[in-house]
Amino acid sequence: MLRAIIFDMDGVICDSEPLHMQAFQETLKGEGIMITDQEYYDKYLAHDDKGSFESALEAHKRTLPDLKGMNALLTAKARVFDGLMKERMIIYPGADTFVRKAAQKFSLALASGARRLEVEYVLKKAKIRDVFSAVVSADEVKNGKPQPEAFERALELLNQSRLEGTPVIQVSETLVIEDSPRCIRTANALGMKTVGMASSYKAEELKDANWVIHTLLGLELETVEKLFV
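Residues numbered from 1 in each chain as written. Predicted model: local features only at pLDDT ≥ 70, side-chain atom pairs only at ≥ 80, totals over all residues. Heavy atoms only, no water.

Q: Give me the lowdown on the sheet that holds strand β6 (residues 174–178), citing residues and values where you can.
A: Pairing is parallel in the open sheet, where six strands are placed in the order β5-β4-β1-β6-β7-β8. Every other strand in the sheet has two partners, leaving β5 (134–136) and β8 (211–213) as the edge strands with one partner each. Within this sheet the neighbouring strands show an average axis-to-axis angle of 20°, counted without direction. In terms of strand pairing, strand β1 (residues 4–7) meets strand β4 (residues 107–111) through four bridges, oriented parallel. Paired with I5 across the bridge in β4 is L108. (Pairing = 2+ DSSP bridges. Helix = DSSP H or I, 4+ residues; strand = E, 2+ residues; numbered from the N terminus. Axes fitted to C-alpha atoms, helices over the stretch in contact; angles between N-to-C directions.)

The following block contains the structure:
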């Protein structure tokens, strides 16, 4: 049965993927690299910031920077994104209602490829920070999404926070809600059930998910629980 839900943030809780894309494009433009919108969605969206920069630099035949150079790129991107986020970031309709309903029945975690400050800003703006027992950002993992570490860490933290005497939550009792096809496949490979939210990609591109939705608005817990029957 369903016992835990792990949410992605960008593209599930908030409409911020276009802002990440613009910040990524502007930062790489300063390095003389032009990234089209399609290239971003095809190749980089599923990655955390570090993975996105590494993939883009390799694809454009650039030498990967040392730690100092990578941190400079990450800082530059974060600066642009933070400005855009405060001006234009939108919380998806129905996200707060569904998350709060789910928290009454299940253990909730958030596993995001965004950095910790960005995650905290969004959760506080959506007024749902208090309902997550575990929050994993790109800053807490060595291998960011779409690698499995963020999902594994989120489940580990949920089990650490469970009530004494409560059985360990298994991967087979866990649902992941994601907007990225690659992250959906990662969660599936771990043995978790998946719901794909068609916000960043078309529904047919999320075909590997157990179920595809377009919005959290009006989504009922009973419908989600049927995936585990």
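Q: Break down the nonpolar core for me, with residues and values.
A: Counting residues in hydrophobic clusters, the biggest one holds 41 residues, and the most contacted among them are I5, F7, I13, L108, L110, F132 and L175. In this structure I5 touches A102, F106, S107, L108, A109, L175 and I177, once residues within four positions along its chain are discounted. Formed by 20 residues, the second largest nonpolar core is a distinct cluster that contains M21, L74, A198 and L206. (Core = buried A, V, L, I, M, F, W, Y, C linked by side-chain atoms within 4.5 Å. Buried < 20%, exposed > 50% of the residue type's maximum accessible area, 1.4 Å probe, protein only. Contact = heavy atoms within 4.5 Å.)

Q: Explain empty space enclosed by the protein to me, and be specific about the residues and the numbers.
A: Rolled over the atoms, a probe with the dimensions of a water molecule shows which regions are left empty. Overall, the coordinates contain one cavity of 30 Å³ or more when judged by the stated rule. Within this model, the largest cavity holds a volume of roughly 210 Å³. D10, E17, L45, H47 and G113 are the residues nearest the centre of the largest cavity, which is lined by 22 residues in total. For the lining of the largest cavity, the elements supplying multiple residues, two or more each, are α1 (17–29), α2 (37–44) and α3 (49–59). Classifying every residue of the lining of the largest cavity gives seven nonpolar, six polar and nine charged. (1 Å grid on protein atoms, 1.4 Å probe; cavity = no way out; pocket = protein on both sides within 12 Å on 5 of 7 lines; lining within 4 Å. Points joined across faces, edges and corners; volume = space filled by probe spheres on them. Nonpolar A, V, L, I, M, F, W, Y, C, P; charged D, E, K, R; others polar.)

Q: Any details on the packing of α1 against helix α4 (residues 67–88)? Residues and values, ideally.
A: One can describe the packing of α1 onto α4 by two numbers: an axis separation of 8 Å at closest approach and a directional angle of 140°. Between α1 and α4, the interaxial angle falls into the category oblique. Regarding α1 and α4, the two cross each other, and that crossing is right-handed. Together, L19, H20, Q22, A23, F24, E26 and T27 of α1 and L73, A76, K77, V80, F81, L84, M85 and R88 of α4 make up the contact between the two elements. Here the residues of the contact of α1 with α4 are counted per class, giving nine nonpolar, three polar and three charged. (Parallel < 35°, antiparallel > 145°, perpendicular 65-115°, else oblique. Left-handed = near helix turned anticlockwise from the far one by under 90°.)

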